[in-house]
Structures are given as structure tokens and as C-alpha cells.
Amino acid sequence: MQGIRLSAVTTGMPLEVDKPVDLSIQSFCVVCKKCAVCCPSQSIPEDDDPKEVNGTLRWKLKEESCFDYWAKVGTDCNVCMRVCPWSHARTWPHKLIVYLTQRNRLNQQLFTFLDDVFYGRKPKAKRYNGDWAGY
Ligand code: SF4
Ligand code: SF4
């Protein structure tokens, strides 16, 4: 739904225009929704379909309630990024899973289920330990 926060990348490098690559991430998000389920401030929509925002289709984060939560807990929250199945270290089992999830929807359902089994559907928030990220 939103586990990535890109801002902007600028370059003067000459680049060749190629075609979009479908990594099946959007369809995986529709099955997964783990970031939305785990968000302690319910700032991430759980809708199946993205909405048009300023001419772009997206699942729009409620920035105010997210930032309010940061202010309340005294650090960045980061739960949405920590629980995202795509955030796991790229060890060989995870590389295999990424490959298989791009094959079909059945694999996506299987691996979101297995992610819940191995890592928990709603892992407990870790205690703030003084680091900015808190983990
Ligand atoms: S940082 Fe925390 S509060 Fe903000 S959207 Fe992510 S999980 Fe929700
Ligand atoms: S946690 Fe799931 S729904 Fe959220 S960004 Fe990651 S893959 Fe998509």
C-alpha cells in the first residue's frame, strides 16, 4: 500500500527511455495490506483500488495522523516499512520468494500467508531504544 517513501532523484546523465517493468508489486499489495493492518494510527488505506490524487493513482497516506503518531511516540514509527514482506533481507529464500511471487496470484496469497506465519500478522512494536529509527 505505501511501504516506500520516494522523494526525488535528479540526474544529468543521458538515459535511454525503456518500457515499464511489472514486478507485480501492486497486485501483491492488494493481497497483502500488512502495512495498513499494522499501522498504529490507521493512516494507510486498506482499499483494494488506488484513488486518483493530483492526476496519479495511489493509496494516499493520511500524513497528519501519521505525523501526529510520530509526535506522540517521540520518534519515527517505521512500522509500515518494517513489516513489509519486501523489506526482508535478500537471503536466498527471500530471493526465491520474490521470483515466485512474480509468477502468479496464488503464490502471492501463499507467501503473504507464510509471511504472517513466520513474522506474525501484526508484530508487536519494538521499544524505542534511543536510536532515531528505534530498531
Ligand atoms: S510511519 Fe507508522 S504511523 Fe506512519 S504510516 Fe507508517 S505505520 Fe502508520
Ligand atoms: S506491507 Fe504489503 S501492502 Fe504494504 S507496501 Fe508492503 S507489500 Fe505492499
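Use the structure listed above.
All residue numbers here refer to positions counted from 1 along the written sequence of the relevant chain. For naming, the first written chain is A and the first written ligand is 1, with later ones following in the order written. Totals for whole chains, interfaces and linings use all residues, but because this is a predicted model, local features are given only for residues with pLDDT of at least 70 and pairs of side-chain atoms are given and counted only at 80 or more. For side-chain calculations, the full set of non-hydrogen atoms in the structure is used, while hydrogens and water are omitted.

Engineer: Any chance you could explain the pattern of salt bridges here in plain terms?
Structural biologist: Opposite charge on two side chains allows them to pair when their charged atoms are near. The term salt bridge refers to a side-chain nitrogen of Lys or Arg lying within 4 Å of a carboxyl oxygen of Asp or Glu. Counting across every chain of the model gives 6 salt bridges. Of the charged contacts in the structure, one is a salt bridge between D116 and K34, with a shortest N-O distance of 3.1 Å. Separated by 82 residues along the polypeptide, D116 in helix α6 (residues 105–119) and K34 in helix α2 (residues 34–38) bring together distant segments of the chain. Ionic pairing is found between R121 and D116, a salt bridge with its closest N-O pair at 3.5 Å. A cluster of three or more residues bridged by salt bridges with shared partners is formed by K34, D115, D116 and R121. Helix and strand assignments follow DSSP, with helices taken as H or I runs no shorter than four residues and strands as E runs no shorter than two, numbered in order from the N terminus.

Engineer: Teacher, can you tell me more about the site of ligand 1 here?
Structural biologist: Neighbouring residues of ligand 1: 13 residues in total, closest C39, S41, C66, C77 and C80. Within the residue set of the shell around ligand 1, elements represented by two or more residues are α3 (63–73) and α4 (79–83). As a working rule, the residues Ala, Val, Leu, Ile, Met, Phe, Trp, Tyr, Cys and Pro are called nonpolar, Asp, Glu, Lys and Arg charged, and the rest polar, with Gly in that last group. Among the residues making up the shell around ligand 1, the classes are represented as 10 nonpolar, 2 polar and 1 charged. Near, as used in this document, describes a residue that has one of its heavy atoms within 4 Å of the molecule or strand being considered.

Engineer: How do you make sense of unusual backbone geometry when you look at a structure like this?
Structural biologist: For residues other than glycine, phi is negative in most cases, and the peptide bonds are mostly trans. The backbone of K33 shows a phi angle near 60°, a positive value even though the residue is not glycine. Tracing the backbone shows K33 in the loop between α1 (25–32) and α2. Judged by its relative accessible area of 14%, K33 falls in the buried class. In this structure, N54 takes a positive phi of about 50° despite not being glycine. Structurally, N54 is set in the loop between β1 (51–53) and β2 (56–58). Only protein chains enter the accessibility calculation, which uses a 1.4 Å probe; a residue whose area is less than 20% of its type maximum is buried, one above 50% is exposed, and one in between is partly exposed. Classification of N54 by relative accessible area gives exposed; the value is 79%.

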